[in-house]
Protein chains: 2
Amino acid sequence: MPRTELEYPKEPYGTVKRYSPRASYALRTIHTIINTSPILHVSFNDPKSPFPTILPMLGQMGSFSRPSADEGDVLDLYLHGYVSSRLINISRQPSDASSTSPPPPPPGLPVCIAASHLDGLVLALTPNAHSYNYRSAVLFGHATLVSDPSERLYAMQLITDGVVPGRWEGSRVPPNKGELSSTSVLKVRIATGSAKIREGPPGDDRADKEDAEVTGRVWTGVVPVYQVLGEPVAGPYNEVAEVPGYLGEYVRETNAVMKEAAFEAARKVVVKKGGEDE
Amino acid sequence: MPRTELEYPKEPYGTVKRYSPRASYALRTIHTIINTSPILHVSFNDPKSPFPTILPMLGQMGSFSRPSADEGDVLDLYLHGYVSSRLINISRQPSDASSTSPPPPPPGLPVCIAASHLDGLVLALTPNAHSYNYRSAVLFGHATLVSDPSERLYAMQLITDGVVPGRWEGSRVPPNKGELSSTSVLKVRIATGSAKIREGPPGDDRADKEDAEVTGRVWTGVVPVYQVLGEPVAGPYNEVAEVPGYLGEYVRETNAVMKEAAFEAARKVVVKKGGEDE
């Protein structure tokens, strides 16, 4: 059934300024890039620091109130991270609402979340025309600490199954009281976001492409880049002889999909709409 | 010849608070993680935005005044990115020195740069003990636009050879005047930084490890994760039949090193110094 694809609003701070034909504001595109990124980079401002801070964290898009929502729907981002204590302490504090004439900002700590997949090294005739094939997404929103234990449990399962689908049921669950209370989960209400995707072969200027001395000696093309999940290595106290089916299947399927995507991006025929190809 | 390893100062905003045995402040460790990361995430504050911003960029550590400096030395970070126009415009403005009683901040835009390598999925008995093997680094510093054309040329070569060593000489160089003037390079003077590394098998609590019902059904271990450079795909106007030696060699060597590192991290015997293993 055809349906309208939802898009994030184009706020001045969230729009892609350069090479905008590569930009996307579709929720589905952005959420898929976020959900398939094993590490998210989360930026926030610590009032005690002269610099913004970035922490690597795990996260998945989800909807606690409507768990059946899919990646094209309006979703929250749930974050969990080992080094998130500072972020969590700050997000406990009410947000700064000192100016009252504009509408007060939503509660929570303003954050930016980025996910970037590298798909290929694009090697052109000149260093300036070099590029990457990539899929990157950025989200802006307000982070608050999840206090409801059942929402925390929902997020813990979402994030665990985001690492390996089926792992939650395949491990010792439910978490006991101590585990549930010691886990901190952040929920980010998304204000807006965008994605940027580059695929295809190199694109050099005509002058270089018509210079036989240059084209005769400089190799041009794409080195596809993809992540591989290796053969699982059993740990020292593992007593299960065989790698479980859900895990073996995930390793095989993910490897096939990721390799195919990188080569597909490398071979993509791109119809140029004018403008520089970088 | 033995020499002292330099370390970044431990500033309150830059120290790793949790599981600090995994932290490192050694310049060599941090710079190596940054230099081997094909995408860096750069965070800054745009005065017109309610959120911090993250942009994916390319970068390499270097020293224009002492090009022979190695990764253990005091270095600057040179950044180049396709979507950096906003960042570049802001870094042109003088930094805010409104308060005069403390020493004025160094010139440039305060930025944070993060690089994270995923080396493995660490699958434990309980979701709470799940983790990743990873190497992550973060740098804090002040970014300014490089105005000296010869320093910009130095940085362009550094960054191009950071993608594939030898590619600069293997392409059409030097850049012409237009290319040189249209390229924007940011230089970050580093204030401080830190790295965090996790390796080894899962580490569960004793109660779970001694529960035969749990250990008898939950597989535990590490799924090594590594990036692969695929067979180069020639572009539509390539006229060089063979993949050049420096490129083929780089693909083979990088693949061997990255796979080996991921499996080595998975098999690492970790001597516990007490404390939770997450």
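Criteria and thresholds
- Residues numbered from 1 in each chain as written.
- Chains lettered and ligands numbered in written order.
- Predicted model: local features only at pLDDT ≥ 70, side-chain atom pairs only at ≥ 80, totals over all residues.
- Heavy atoms only, no water.
- Contact = heavy atoms within 4.5 Å.
- Salt bridge = Lys/Arg side-chain N within 4 Å of Asp/Glu carboxyl O.
- Polar contact = N/O pair within 3.5 Å; in protein donor to acceptor, adjacent residues only side chain to side chain.
- Nonpolar A, V, L, I, M, F, W, Y, C, P; charged D, E, K, R; others polar.
- Pairing = 2+ DSSP bridges.
- Helix = DSSP H or I, 4+ residues; strand = E, 2+ residues; numbered from the N terminus.
- Phe/Tyr/Trp six-rings, centres within 6.5 Å; stacked < 30°, edge-to-face > 60°.
- Buried < 20%, exposed > 50% of the residue type's maximum accessible area, 1.4 Å probe, protein only.
- pLDDT = per-residue confidence, 0-100.

J.: Explanation requested: the interface of chain B and chain A in the structure shown.
T.: A common way to express how large an interface is: the accessible area buried when the components associate. At the junction of the two partners, chain B supplies 106 residues and chain A supplies 107 residues. The interface formed by chain B and chain A includes two salt bridges. The partner of Arg172 of chain B in a salt bridge is Asp208 of chain A, with the nearest N and O atoms 2.9 Å apart. Here chain B is connected to chain A by 35 residue pairs in polar contact (both at pLDDT 80 or more). Looking at side-chain class alone, the side of chain B that touches chain A contains 59 nonpolar, 30 polar and 17 charged residues. Looking at chain direction, strand 8 (residues 221-229) of chain A and strand 8 (residues 221-229) of chain B are connected through five bridges and run antiparallel. Looking across to strand 8 of chain B, one finds that Tyr226 of chain A is bridged to Val228 of chain B.

J.: Explain the packing of aromatic side chains here, please?
T.: How two aromatic rings sit relative to each other is given by the distance of their centres and the angle of their planes. Scanning the model with the defined rule gives 12 aromatic pairs over all chains in all. Between Phe64 of chain A and Tyr154 of chain A, the aromatic rings sit 5.5 Å apart at their centres with planes inclined by 55 degrees, giving tilted as the arrangement. Of this pair, Phe64 of chain A sits in the loop between strand 3 (52-62) and strand 4 (76-80) while Tyr154 of chain A is found in helix 3 (residues 149-163), placing the two residues 90 residues apart along the sequence. For the ring pair Tyr78 of chain A and Tyr154 of chain A, a centre distance of 5.7 Å and an interplane angle of 75 degrees mean the geometry is edge-to-face. Of this pair, Tyr78 of chain A sits in strand 4 while Tyr154 of chain A is found in helix 3, placing the two residues 76 residues apart along the sequence. In terms of burial, Tyr78 of chain A and Tyr154 of chain A fall into one category: buried. One aromatic cluster in this structure is built from Tyr13 and Phe140 of chain A together with Phe51 of chain B.

J.: What is the right way to look at the confidence of the model for chain A in this model?
T.: Predicted coordinates in regions of low pLDDT should not be interpreted in detail. Residue and element names in this part refer to chain A. Averaged over all residues, the pLDDT of chain A is 90; the fraction at 70 or higher stands at 89%. Predicted confidence for residues 274-278 stays below pLDDT 50, and this span has 16 contacts to residues more than four positions away or in other chains. Of the two predicted TM-score estimates for the complex, the pTM is 0.92 and the ipTM is 0.92.

J.: Before we go on, may I ask you to explain the pattern of salt bridges in this structure?
T.: A side chain with one charge can pair with a side chain of the opposite charge if their charged atoms come near. Summed over the entire model, instances satisfying the criterion amount to 22 salt bridges over all chains. Across the pair Arg28 of chain B and Asp70 of chain B runs a salt bridge whose closest N-O atoms are separated by 3.6 Å. Of the two residues, Arg28 of chain B is situated in helix 1 (residues 27-35) and Asp70 of chain B in the loop between strand 3 (52-62) and strand 4 (76-80); the sequence distance between them amounts to 42 residues. Judged by its relative accessible area of 27%, Arg28 of chain B falls in the partly exposed class. Here the salt bridges share partners, and the residues they tie into one network are Glu5, Arg28 and Asp70 of chain A.

J.: Explanation requested: the pairing of strand 8 of chain B in the structure shown.
T.: Consecutive side chains of a regular strand alternate in pointing toward one face of the sheet and then the other. A large share of strand 8 of chain B lies buried, amounting to eight of its nine residues. Looking at chain direction, strand 9 (residues 233-234) of chain A and strand 8 of chain B are connected through two bridges and run antiparallel. If you follow Ala234 of chain A over to strand 8 of chain B, its bridge partner there is Gly221 of chain B. Alignment of strand 5 (residues 109-123) of chain B against strand 8 of chain B, held across four bridges, turns out to be antiparallel. From the neighbouring strand, Leu123 of chain B faces strand 8 of chain B, where its bridge partner is Gly221 of chain B.

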